[in-house]
Amino acid sequence: MKRLKTILLIDDDDTTNYLNHRLLSRMDTAEDIRVVTNGEEALDYLGKAFADVEGYPRPDLIFVDIKMSVMDGFEFLEEYQKFNEEDKKRTVMMMLTSSASFYDLEKLKQFPDVLKHYSKPLAEADVREIMQEHF
């Protein structure tokens with residue numbers, strides 16, 4: 001399995017972040033796993049990463065939660081769409097959700113940057129599938 005440079009986890013739930021970080025580390029998926037706890041932090045991070053600011057490696061893979069405080073996943077995605085296509089095409093984005101409501105899944109179709117959604121927390125099979133299909 002190929003090893004990525006950087007994975008970005010965007011979730012306001014500490015337990016989910018801990019479990020996902022532990023799984024991704026144990027599977028040796030990336031050199032660096034970054035965690036931000038809301039959409040605003042994520043946009044700030046990505047703005048710096050896409051501008052090649054030192055200390056903000058560009059993520060190869062992003063996992064974003066739908067339901068977060070401060071700025072939820074959909075608000076984040078609306079802002080993310082404004083980034084340069086050239087920057088975004090080098091990044092794979094997946095949605096994480098604990099409640100995949102029909103409404104959320106329908107709304108997700110408006111955001112082509114999100115390739116698929118997964119239930120929280122990630123399972124080893126999910127990570128294998130993502131790595132095989134996209135890297």
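As the structure is a computational prediction, the values presented were derived from the model and not from experiment.

**Regarding the overall build of the protein**
Then comes step 1: Broken down by element type, the protein carries six helices and five strands.
Then comes step 2: For the protein, the succession of helices and strands along the chain, N to C, is β-α-β-α-β-α-α-β-α-β-α.
Then comes step 3: Here the protein has a C-alpha radius of gyration of 14 Å; the compact-globule value for 135 residues is 14 Å, and the two agree.
Then comes step 4: By its C-alpha atoms, the protein is 35 × 35 × 25 Å across when sized along the principal axes.
Then comes step 5: Taken across its 135 residues, the protein has 48% of its residues classed as buried.

**Side note on the nonpolar core**
Then comes step 1: Counting residues in each nonpolar core, the largest one holds 24 residues, and the members touching the most others are I10, L46, F76, L77, Y80 and M93.
Then comes step 2: When contributions to this core are tallied by element, the ones reaching two or more residues are strand 1 (4-10), helix 2 (39-50), strand 3 (61-65), helix 3 (73-80) and strand 4 (92-97).
Then comes step 3: Of all the elements, helix 2 adds the most residues to this core, at six residues.
Then comes step 4: Setting aside residues up to four positions removed in sequence, L46 forms contacts with L8, P59, I62, F76, Y80 and F83.

**What to know about the pairing of strand 3**
Then comes step 1: Counting buried residues along strand 3, five of its five residues qualify, which places the element largely inside the surrounding structure.
Then comes step 2: With burial as the criterion, each face of strand 3 is covered, one bearing L61, F63 and D65 and the other bearing I62 and V64.
Then comes step 3: Examined bridge by bridge, strand 1 and strand 3 share four bridges and lie parallel to one another. Looking across to strand 3, one finds that I7 is bridged to L61.
Then comes step 4: Bridge analysis of strand 3 against strand 4 gives five bridges, and the strand direction is parallel. Bridge assignment links V64 to a residue of strand 4, and that residue is M95.

**Details of the pattern of salt bridges**
Then comes step 1: The final tally for this structure, using the stated rule, is 16 salt bridges.
Then comes step 2: For K67, the salt bridge goes to D104, with nearest N and O atoms at 2.7 Å. Linking K67 in the loop between strand 3 and helix 3 with D104 in helix 5 (residues 102-108), this pair joins segments that are 37 residues apart in sequence.
Then comes step 3: For K67, a relative accessible area of 48% puts it in the partly exposed group.
Then comes step 4: For E86, the salt bridge identified is with K89, shortest N-O distance 3.2 Å.

**Regarding the packing of aromatic side chains**
Then comes step 1: Under the definition given, this model contains five aromatic pairs.
Then comes step 2: With a centroid separation of 5.7 Å and 70° between ring planes, the pair formed by Y80 and F83 is classed as edge-to-face. In this pair, the class of Y80 matches that of F83, namely buried.
Then comes step 3: Linked through ring pairs, F50, F76, Y80 and F83 together constitute an aromatic cluster.

**Considering helix 2**
Then comes step 1: An ideal rise of 1.5 Å per residue puts 16 Å on 12 residues; helix 2 measures up with 16 Å between its terminal C-alpha atoms.
Then comes step 2: Turning to helix 2, its buried residues are G39, A42, L43, Y45, L46, A49 and F50. For helix 2, the angular spread of the buried residues around the axis is 165°, confining them to a single face.
Then comes step 3: If you follow the buried residues of helix 2, they end up packed against strand 1, strand 2 (30-36), strand 3, helix 3 and helix 4 (85-88).
Then comes step 4: Capping the start of helix 2 is the job of one residue whose side-chain oxygen sits 2.9 Å from the backbone nitrogen of E40: N38.

Cut-offs applied
Residues numbered from 1 in each chain as written. Predicted model: local features only at pLDDT ≥ 70, side-chain atom pairs only at ≥ 80, totals over all residues. Heavy atoms only, no water. Helix = DSSP H or I, 4+ residues; strand = E, 2+ residues; numbered from the N terminus. Rg over C-alpha atoms; globule rule 2.2 N^0.38 Å. Buried < 20%, exposed > 50% of the residue type's maximum accessible area, 1.4 Å probe, protein only. Core = buried A, V, L, I, M, F, W, Y, C linked by side-chain atoms within 4.5 Å. Contact = heavy atoms within 4.5 Å. Pairing = 2+ DSSP bridges. Salt bridge = Lys/Arg side-chain N within 4 Å of Asp/Glu carboxyl O. Phe/Tyr/Trp six-rings, centres within 6.5 Å; stacked < 30°, edge-to-face > 60°. Expected span 1.5 Å × (residues − 1). Arc of directions from axis to C-beta. Polar contact = N/O pair within 3.5 Å; in protein donor to acceptor, adjacent residues only side chain to side chain.

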